[in-house]
Amino acid sequence: MRFIIEILLTGLAFFIGAKLVPGVAIDGFGNAIIASVLIALANATIGFILRLLTFPINFLTLGLVSFIITVLMILLVDNMMTSFNTSGFIAAAFLAIVVALIKAVFSAVVGEKE
């Protein structure tokens, strides 16, 4: 049950983020859920491999490369879906920041199950 709630909250975060960030468009809440799941899968597979390969640079830049990889995964999903569009790297970067902030607020409100 917790997993389904997490998926719905992440989809809601993407839907709200798409409304707040100029240059990002998503066609409905269902597509936001699909986009968030695809971004999570891309981060878990391709992103993981890229993070392993770029670990020394990531260590030197204090995690900036991980953020760039996340933005690249958003752009990858943007190219895969017709109902999710970003206008470029900057819009995807702002979307990643806004979604992370919204998810942090959701985590603070919902809390962790003990």
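Residues numbered from 1 in each chain as written. Predicted model: local features only at pLDDT ≥ 70, side-chain atom pairs only at ≥ 80, totals over all residues. Heavy atoms only, no water.

Enquirer: Is there a simple way to explain the packing of helix H4 (residues 64–80) against helix H5 (residues 89–110) in this structure?
Expert: Two numbers describe how H4 lies on H5: the axes approach to 9 Å, and their chain directions differ by 110°. Overall, the two elements H4 and H5 adopt an arrangement that is roughly perpendicular. Crossing handedness for the pair H4 and H5: right-handed. Residue-level inspection shows Phe67, Ile68, Val71, Leu72, Ile74 and Leu75 of H4 in contact with H5, the latter providing Phe89, Ala92, Ala93, Leu95, Ala96 and Ile97. Considering only residue class, the contact of H4 with H5 consists of twelve nonpolar, no polar and no charged. (Axes fitted to C-alpha atoms, helices over the stretch in contact; angles between N-to-C directions. Helix = DSSP H or I, 4+ residues; strand = E, 2+ residues; numbered from the N terminus. Parallel < 35°, antiparallel > 145°, perpendicular 65-115°, else oblique. Left-handed = near helix turned anticlockwise from the far one by under 90°. Contact = heavy atoms within 4.5 Å. Nonpolar A, V, L, I, M, F, W, Y, C, P; charged D, E, K, R; others polar.)

Enquirer: What is the right way to read the packing of aromatic side chains from this model?
Expert: Ring pairs (aromatic) are described by centroid distance and by the angle formed between their planes. Scanning all chains against the criterion turns up two aromatic pairs. Taking the centre distance of 6.2 Å and the plane angle of 90° together, the rings of Phe15 and Phe29 count as edge-to-face. Highlighted residues: Phe15 in helix H1 (residues 2–20) and Phe29 in helix H2 (residues 29–53), separated in sequence by 14 residues. Judged by its relative accessible area of 23%, Phe15 is partly exposed. (Phe/Tyr/Trp six-rings, centres within 6.5 Å; stacked < 30°, edge-to-face > 60°. Buried < 20%, exposed > 50% of the residue type's maximum accessible area, 1.4 Å probe, protein only.)

Enquirer: So what exactly am I meant to see when it comes to H4 here?
Expert: For the α-helix, the turn length of 3.6 residues means that residues three or four positions removed from each other point alike. Counted at 1.5 Å a residue, the expected span for H4 with its 17 residues is 24 Å, and the 25 Å between its end C-alpha atoms agrees. What H4 keeps buried is the set Val65, Ser66, Ile69, Val71, Met73, Ile74, Leu75, Val77 and Asp78. Buried positions along H4 lie against H2, helix H3 (55–60), strand S2 (84–86) and H5. (Expected span 1.5 Å × (residues − 1).)

Enquirer: When you look at the nonpolar core in this model, what are you seeing that I'm missing?
Expert: Note on soluble globular proteins: their nonpolar side chains tend to be buried together. Counting 24 residues, the largest nonpolar core has Val24, Ile74, Phe84 and Leu95 as the members making the most contacts within it. Looking at this core, the elements that each hand over two or more residues are H1, strand S1 (24–26), H2, H4 and H5. In terms of residue count, H5 provides more of this core than any other element does, nine residues in total. Once residues lying within four places of it in the same chain are set aside, the contact partners of Phe84 are Val24, Ala25, Ile26, Ala35, Ile39, Ile74, Val77, Asp78 and Leu95. (Core = buried A, V, L, I, M, F, W, Y, C linked by side-chain atoms within 4.5 Å.)

Enquirer: Got a minute to help me understand the layout of surface pockets in this structure?
Expert: Over the atoms rolls a probe the size of a water molecule, and in doing so it shows where empty space is left. There is about 380 Å³ of room inside the largest pocket. Lining the largest pocket are 18 residues; nearest its centre among them are Thr10, Phe14, Ser36, Ala40 and Lys103. Broken down by element, the residue count for the lining of the largest pocket peaks at six residues, all from H2. Of the residues in the lining of the largest pocket, the class split is twelve nonpolar, four polar and two charged. (1 Å grid on protein atoms, 1.4 Å probe; cavity = no way out; pocket = protein on both sides within 12 Å on 5 of 7 lines; lining within 4 Å. Points joined across faces, edges and corners; volume = space filled by probe spheres on them.)

Enquirer: Help me understand the confidence of the model for the chain in this model?
Expert: For residues with low pLDDT, the predicted coordinates do not support detailed interpretation. Residues with a pLDDT of 70 or more make up 97% of the chain, whose mean pLDDT is 93. Highest mean pLDDT in the chain belongs to S1 (96); lowest belongs to H1 (92). (pLDDT = per-residue confidence, 0-100.)

Enquirer: Before we go on, may I ask you to explain the pattern of salt bridges in this structure?
Expert: Opposite charge on two side chains allows them to pair when their charged atoms are near. As enumerated under the stated definition, the model contains one salt bridge in all. Two residues, Lys103 and Glu6, come together in a salt bridge whose shortest N-O distance is 3.9 Å. On the criterion of sequence distance, the pair formed by Lys103 in helix H5 and Glu6 in helix H1 is long-range, its members being 97 residues apart. Among the residues examined, Lys103 registers a relative accessible area of 30% and is labelled partly exposed. (Salt bridge = Lys/Arg side-chain N within 4 Å of Asp/Glu carboxyl O.)

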